Amino acid sequence: MKWRAAGLALGLVADRVFGDPARHHPVAWFGTAASHVEEHTYADDVGAGGVHVAALLAPLAVGGAVVECAGRRWPALQVAATALTTWAVVGATSLAGEGRMMADALDADDLPQARERLGHLCGRDADALDASELARATIESMAENTADAAVASIFWGATLGVPGMLVHRAVNTLDAMIGHHNARYERFGKVAARLDDLLDLLPARATGALFATLAPAVGGNARRAWRVLRRDHAKHPSPNGGWCESAMAGALSVQLGGRNIYYGGRVEERGLLGDGARPDAHAVRRSTRLVTLATFVAGGIACAVLGARSAR
């Protein structure tokens, strides 16, 4: 447990110092491999989607388990493997960086640049969005991605080590690739989408709790954030996204939710989360600080729990 904690801590420090690898990112490698495998596994069928997911996850689970077992004999290997995996799967620093660049574009009233930057965070059609809606989309995406790309990775790393982190990040990537409500992926991507929901069930709720508790650190009110979280989390269509977004709305004292238009013309009506005004660039900047704080508090809690278990 203590070597796993040391590896998690080093990996989080590496993410903070270096951010995501600029080139040859392991997650991008996995996405490329998944696209090649899809050429052979695709069929408009839920079962085919399950085979696709299993074929991609099995090597990661087995390889991660082998490394984890070897690390029991060679602690230095476990620390190094855990640290490298954590750095590869946690994307909090790059996520916060995207938020800051969006805030810069909005402060400069450069809407074309802001619309281009939104594509780095989500798949919404930004062409007709004004500054407030661009800020809203950014904050909502950052709230959900804090759970997906930070807290969930830390949770599964602390719980299952290297294989837990690899499998979770792979499932999350597959959900982003094929977990869509459209003609091609409605059935084929269902297993990936449901599995992603399952793996993020606890981390999303933990992320919401962290956002609400840490609200005073970004000028918010924790009691108000908790009230919005309890009241509004079920208004979101996702079983997990509402916990993150409602807590973020309460912590920042802004209102999120409403109509989303995605590429391909799909329109989604969501409930309103929070009681404040619609967000602006300043709210985006505050959300980036909350992302960073929540990530490091989650990491600190995970390492403390692992250390306590090791001591026992």
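Before any of the text, the structure's been laid out above.
Cut-offs used in this document
Residues numbered from 1 in each chain as written. Predicted model: local features only at pLDDT ≥ 70, side-chain atom pairs only at ≥ 80, totals over all residues. Heavy atoms only, no water. Helix = DSSP H or I, 4+ residues; strand = E, 2+ residues; numbered from the N terminus. Rg over C-alpha atoms; globule rule 2.2 N^0.38 Å. Buried < 20%, exposed > 50% of the residue type's maximum accessible area, 1.4 Å probe, protein only. Contact = heavy atoms within 4.5 Å. Areas by Shrake-Rupley, 256 points an atom, 1.4 Å probe, with all protein chains shown as cover. Lys, Arg positive; Asp, Glu negative; His and termini not counted. Charge placed at Lys NZ, Arg CZ, Asp CG, Glu CD. Salt bridge = Lys/Arg side-chain N within 4 Å of Asp/Glu carboxyl O. 1 Å grid on protein atoms, 1.4 Å probe; cavity = no way out; pocket = protein on both sides within 12 Å on 5 of 7 lines; lining within 4 Å. Points joined across faces, edges and corners; volume = space filled by probe spheres on them. Nonpolar A, V, L, I, M, F, W, Y, C, P; charged D, E, K, R; others polar. Phe/Tyr/Trp six-rings, centres within 6.5 Å; stacked < 30°, edge-to-face > 60°. Lys NZ or Arg CZ within 6 Å of the ring centre and 35° of its normal. Axes fitted to C-alpha atoms, helices over the stretch in contact; angles between N-to-C directions. Parallel < 35°, antiparallel > 145°, perpendicular 65-115°, else oblique. Left-handed = near helix turned anticlockwise from the far one by under 90°. Expected span 1.5 Å × (residues − 1). Core = buried A, V, L, I, M, F, W, Y, C linked by side-chain atoms within 4.5 Å.

Trainee: For this particular structure, what's the right way to read the overall build of the protein?
Mentor: Helix and strand content of the protein: 13 helices and 2 strands. The C-alpha radius of gyration computed for the protein amounts to 19 Å, which stays within 12% of the reference 20 Å derived for 312 residues, consistent with globular compactness. Here the protein, with 312 residues, has 51% of them falling under the buried criterion. Long-range pairs, those at least 24 residues apart, make up 72% of the contacts in the protein between residues at least 6 apart in sequence. Taken as a whole, the protein presents about 13900 Å² of accessible surface, with 62% of it coming from carbon and sulfur. For the protein, the distance from the average site of its 32 positive side-chain charges to the average site of its 31 negative ones is 9 Å.

Trainee: Any chance you could explain the pattern of salt bridges here in plain terms?
Mentor: Once the charged atoms of two side chains with opposite charge are near each other, the side chains can pair. According to the stated counting rule, one finds 17 salt bridges in the structure shown. Among the salt bridges present, the one from D107 reaches R285, with a minimum N-O distance of 2.8 Å. Highlighted residues: D107 in helix 5 (residues 92-107) and R285 in helix 13 (residues 281-311), separated in sequence by 178 residues. With relative accessibility at 51%, the residue D107 sits in the exposed group.

Trainee: When you look at the layout of surface pockets in this model, what are you seeing that I'm missing?
Mentor: One way to see where empty space is left: roll a probe the size of a water molecule over the atoms. As a volume, the second largest pocket reaches approximately 280 Å³. As for the second largest pocket, its lining consists of 14 residues, of which P26, V27, L60, A88 and L166 are closest to the centre. Where the lining of the second largest pocket is concerned, the elements lending two or more residues are helix 2 (26-41), helix 4 (75-89) and helix 8 (162-178). A total of 5 residues in the lining of the second largest pocket trace back to one element, the largest contributor, which is helix 4. Considering only residue class, the lining of the second largest pocket consists of 11 nonpolar, 2 polar and 1 charged.

Trainee: For this particular structure, what's the right way to read the packing of aromatic side chains?
Mentor: Counted by the stated rule, this structure contains 5 aromatic pairs. Residues F155 and W156 carry aromatic rings whose centres are separated by 5.0 Å and whose planes lie at 85 degrees to one another, so their mutual orientation is edge-to-face. The partly exposed category is assigned to F155, whose relative accessible area is 28%. Among the aromatic side chains, those forming a connected cluster through ring pairs are Y42, Y185 and F188. The cationic tip of R184 hangs over the ring face of Y42; the distance from NZ or CZ to the ring centre is 3.8 Å.

Trainee: Which parts of the structure should I look at to understand the packing of helix 7 (residues 131-160) against helix 12 (residues 241-252)?
Mentor: As a packed pair, helix 7 and helix 12 sit with axes 8 Å apart at the nearest point and diverge in direction by 125 degrees. The orientation of helix 7 with respect to helix 12, classified from their angle, is oblique. Here the hand of the crossing between helix 7 and helix 12 comes out right-handed. For the pair helix 7 and helix 12, the contacting residues are I139, E140, A143, E144 and A147 in the first and G241, C244, E245, M248 and L252 in the second. Class assignment of the residues belonging to the contact of helix 7 with helix 12 gives a composition of 6 nonpolar, 1 polar and 3 charged.

Trainee: Help me understand helix 8, please; the structure alone is not making it clear to me.
Mentor: Helical geometry: 3.6 residues make up each α-helical turn, so side chains three or four residues apart lie on a common side. Here helix 8 spans 24 Å end to end across 17 residues, near enough to the 24 Å set by a 1.5 Å rise per residue. Taking burial as the measure, the 17 residues of helix 8 include 14 buried ones, the bulk of the element.

Trainee: Can you help me understand the nonpolar core in this one?
Mentor: Membership of the largest hydrophobic core comes to 58 residues, with the highest contact counts inside it found for L106, L118, L134, I139, F211, M248 and L290. It is helix 7 that provides the largest number of residues to this core, a total of 11 residues. Discounting chain neighbours no more than four positions away, the residues touching M248 are I139, A143, F211, S287, L290 and V291. Core analysis: the next-biggest nonpolar cluster, separate from the first, contains 17 residues, F30, A170, Y185 and A192 among them.

Trainee: Quick question: what am I supposed to make of the packing of helix 3 (residues 46-73) against helix 8 here?
Mentor: The contact between helix 3 and helix 8 brings their axes to 8 Å, and the two run at 160 degrees. Relative to helix 8, the element helix 3 is oriented roughly antiparallel. The way helix 3 lies across helix 8 gives a crossing that is right-handed. On the side of helix 3, the interface is formed by H52, V53, L56, L57, L60, A61, G64, A65 and E68, while helix 8 contributes V162, P163, L166, V167, A170, V171, L174 and I178. Of the residues assigned to the contact of helix 3 with helix 8, the class counts are 14 nonpolar, 2 polar and 1 charged.

Trainee: Which parts of the structure should I look at to understand unusual backbone geometry?
Mentor: Peptide bonds are trans in most cases, and residues, glycine excluded, mostly fall at negative phi. The phi torsion at D109 lies on the positive side, around 60 degrees, for a residue other than glycine. Here D109 is to be found in the loop between helix 5 and helix 6 (111-118). In this model, S253 sits at a positive phi of 60 degrees, which is unusual for a non-glycine residue. Structurally, S253 can be placed in the loop between helix 12 and strand 1 (259-261). Of the residues examined, S253 reaches a relative accessible area of 31% and is grouped as partly exposed.

Without other data, these values stay purely geometric and don't point to any function.
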